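Residue-level listing of the chains:
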Amino acid sequence: MRLEQLLLYNFRNIERTELHPHHLFNIFYGDNAQGKTNLLESISLLGSLKSFRLSRNDELIKNNESYSEIKGETEKNGVKHQIKLRIDKENKQAWLDGKRINRPEAYLDCLRPVVFAPEEVNLIKGPPSGRRRLLDRAVFQTDNKYLADVQKYDRQLKQRNRLLKEKRPENELAPWTDELAKTGAAIRHARSRYIEKILPQVKDCYLHICGQQEQVNLFCKADTKDISELEQNLLDEFERQKEQEKRYGVTLSGPHRDDIDFLLNQRPLKSYGSQGQQRSFILAFKVAQALHLKEVYGEPPLLLFDDLTGELDRHRQNLFFEFLLSLKAQVFITTTEVQPLLDGGIRDGYFIRVEQGVFTTTVSDEV
Ligand code: ATP
Ligand code: MG
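What counts, and at which threshold
Residues numbered from 1 in each chain as written. Chains lettered and ligands numbered in written order. Predicted model: local features only at pLDDT ≥ 70, side-chain atom pairs only at ≥ 80, totals over all residues. Heavy atoms only, no water. Pairing = 2+ DSSP bridges. Helix = DSSP H or I, 4+ residues; strand = E, 2+ residues; numbered from the N terminus. Axes fitted to C-alpha atoms, helices over the stretch in contact; angles between N-to-C directions. Contact = heavy atoms within 4.5 Å. Near = heavy atom within 4 Å. Polar contact = N/O pair within 3.5 Å; in protein donor to acceptor, adjacent residues only side chain to side chain. Nonpolar A, V, L, I, M, F, W, Y, C, P; charged D, E, K, R; others polar. Expected span 1.5 Å × (residues − 1). Buried < 20%, exposed > 50% of the residue type's maximum accessible area, 1.4 Å probe, protein only. Arc of directions from axis to C-beta. Phe/Tyr/Trp six-rings, centres within 6.5 Å; stacked < 30°, edge-to-face > 60°. Parallel < 35°, antiparallel > 145°, perpendicular 65-115°, else oblique.

**Student:** I'd love a proper account of the sheet that holds strand E14 (residues 349–355), names of residues and values included.
**Tutor:** Taken in spatial order, the 6 strands line up as E8-E12-E13-E3-E14-E15 in an open sheet, and their pairing is mixed. Taken across any chain shown, the strands that pair with only one partner, and hence form the sheet edges, are strand E8 (114–116) and strand E15 (358–363). Strand-to-strand, the axes of this sheet are offset by a mean angle of 20 degrees, without reference to chain direction. In this structure, strand E3 (residues 25–29) lies alongside strand E13 (residues 331–335), joined through 5 bridges in parallel fashion. What sits directly across from Ile27, in E13, is Ile333. Along the sheet face, helix H11 (residues 275–297) touches E8 and strand E12 (303–305) and points at about 170 degrees away from the line of E8.

**Student:** Mind laying out the pairing of strand E2 (residues 14–19), listing which residues take part and the relevant values?
**Tutor:** With 5 bridges joining them, strand E1 (residues 2–11) and E2 adopt antiparallel strand pairing. Counted as the bridge partner of Leu7 is Glu18 from E2. What sits between E1 and E2 in their antiparallel hairpin is a turn of 2 residues, with Arg12 showing a positive phi close to 45 degrees.

**Student:** Mind laying out the site of ligand 1, listing which residues take part and the relevant values?
**Tutor:** Residues in contact with ligand 1 amount to 16 residues; listed here are only the nearest, Ala33, Lys36, Thr37, Asn38 and Arg53. In the model, an oxygen atom of ligand 1 is placed 2.8 Å from a nitrogen or oxygen of the Lys36 side chain. Top element by residues in the shell around ligand 1 is helix H1 (residues 36–48). It accounts for 3 residues. Partitioned by chemical class, the residues of the shell around ligand 1 number 2 nonpolar, 8 polar and 6 charged.

**Student:** So, helix H6 (residues 144–165): which residues are in play, and what are the values?
**Tutor:** Between the first and last C-alpha of H6 there are 32 Å, a value that for 22 residues agrees with the 32 Å anticipated at 1.5 Å per step. Of the positions making up H6, those classed as buried are Tyr146, Asp149, Val150, Tyr153, Gln156, Leu157, Arg160, Asn161, Leu163 and Leu164. End-on view of H6: buried residues confined to an arc of 145 degrees, all on one side of the axis. Exposed residues lying more than 90 degrees from the buried face of H6 are Arg155, Lys158 and Lys165.

**Student:** Please provide a residue-by-residue account of the environment of Gln289, values included.
**Tutor:** Following the sequence through the fold, Gln289 ends up in helix H11. We classify Gln289 as buried; its relative accessible area is 5%. Sequence spacing of Gln289 and His315 is 26 residues, and the spatial spacing of their C-alpha atoms is 23 Å.

**Student:** Can you explain the sheet that holds strand E7 (residues 99–100)? Please cite residues and give values.
**Tutor:** An order of E2-E1-E4-E5-E6-E7 is seen for the 6 strands of this open sheet, with the pairing classed as antiparallel. Across the chains shown, the open sheet's two edge strands, defined by having one partner strand only, are E2 and E7. With 2 bridges connecting them, strand E6 (residues 92–96) and E7 associate as antiparallel partners. The partner of Trp95 across the bridge, within E7, is Arg100. Along the sheet, H1 contacts E1, E2, strand E4 (67–76), strand E5 (79–88) and E6; its crossing angle with E1, the most-contacted strand, is approximately 115 degrees.

**Student:** Explain the packing of aromatic side chains residue by residue, including any values.
**Tutor:** Note on aromatic pairs: each is described by the distance of the centres and the angle between the planes. Counting across every chain of the model gives 9 aromatic pairs. Arranged with centres 6.3 Å apart and planes meeting at 50 degrees, the rings of Phe116 and Phe305 form a pair that is tilted. Residue Phe116 is located in strand E8, and its partner Phe305 is located in strand E12; the two are separated by 189 residues in the primary sequence. Neither Phe116 nor Phe305 differs from the other in exposure class; each is buried. Aromatic side chains Phe305 and Phe320 sit 5.7 Å apart centroid to centroid with 90 degrees between the ring planes, which places their arrangement in the edge-to-face category. Note that Phe305 is positioned in strand E12 and Phe320 in helix H12 (residues 314–327), a separation of 15 residues in sequence. Like Phe320, Phe305 is buried. Here a set of aromatic residues connected by ring pairs shows up, and it is made of Tyr206, Phe262, Phe281 and Phe285.

**Student:** Which residues make up unusual backbone geometry, and what are the values?
**Tutor:** Of note, the phi angle at Asn10 is positive, near 50 degrees, even though the residue is not glycine. Along the chain, the position of Asn10 falls in strand E1. Non-glycine residue Arg12 carries a positive phi angle of around 45 degrees. Tracing the backbone through its elements, the reader meets Arg12 in the loop between E1 and E2.

**Student:** Any chance you could break down the packing of helix H5 (residues 128–142) against helix H7 (residues 170–210) for me, citing the residues and the numbers?
**Tutor:** For the pair H5 and H7, the least separation of the axes is 10 Å and the interaxial angle reads 85 degrees. As the angle between them shows, H5 and H7 are arranged roughly perpendicular. For the pair H5 and H7, contact is made by Arg132, Leu135, Asp136, Ala138, Val139 and Thr142 and by Ala190, Arg191, Tyr194 and Ile195, respectively. Along the lines of polarity and charge, the residues of the contact of H5 with H7 split into 6 nonpolar, 1 polar and 3 charged.

As structure tokens, then:
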């Protein structure tokens, strides 16, 4: 999957720009607050219809303007598409090959960007919801049914919580309990199968960045692979919590409460791992996600790394660059310093200087 052309209009501090990205590396460099992350955010939005910054629409539109537009020409397995996203204050609208989309699947198939943003390290340290989001976003990328299941679960959960809050009788609650257990089991099943698939690659990539001494692991709640057993387990959990649920008026267990364990040398990464180790783990997770997408779609997805080199020592950086080079994916990186990338062997690509929302493309010899 490749982005061959990118056109931006009134996106954050970028008034108008046209880029023809390199098929391998695209390094956006410059001082702070120039528009490097803004550019990366535009690609992530265009490709996934979601920003990694959780921004409001009006923040995405250049100050004092009424709308913003991001357009791209993409290429996947030899087929080209035109995609376009228009953002105004109230909503976002997307087009695929000139037609407004009403279902996003075909549109999302064009780029499937995998984003690494430094803020994600906070997800490792923060509450379980962040870790669930990290995993869920990865599962959504390869499993359309998963998204539907998660949406269904949210609706069922709301309904069941409403009945619990209103202290409705057991016979009214029971059908919702059964439905929630069914959907919840499908979610736990999909999460654990996904982890099972990518775990060898997460471990492998982490070893590449960090050497042999450190071992990582990932777990999520799913005591069995059998989906009907998972359903029964959930029903048992609801039964055990019955009295407490009535008291608090909410559903107290299920995939909406599960944590994802990120382990380093068998200990919790959030309390045991250093900042650099946490960052390395997320990088390894993202690369494994990309390798898995490559397996599923036959081509690697776009990789977007915001502020890649911060907090990784030179040794880890170089090992990671080596790994990135072997992927042969289209990669977009933002950085304030290009020298570490050049030292790490990243030369085959464009080096794009960013100054106050204006982009100047050069090659490595000219940096
Ligand atoms: P750093 O190296 O610090 O991460 P950066 O180059 O990645 O910097 P960005 O986050 O891309 O910086 O851009 C920040 C700039 O964009 C800031 O100057 C900010 O004021 C400006 N900006 C953000 N939103 C808008 C907007 N809607 N309209 C105009 N300018 C905006
Ligand atoms: Mg930035």
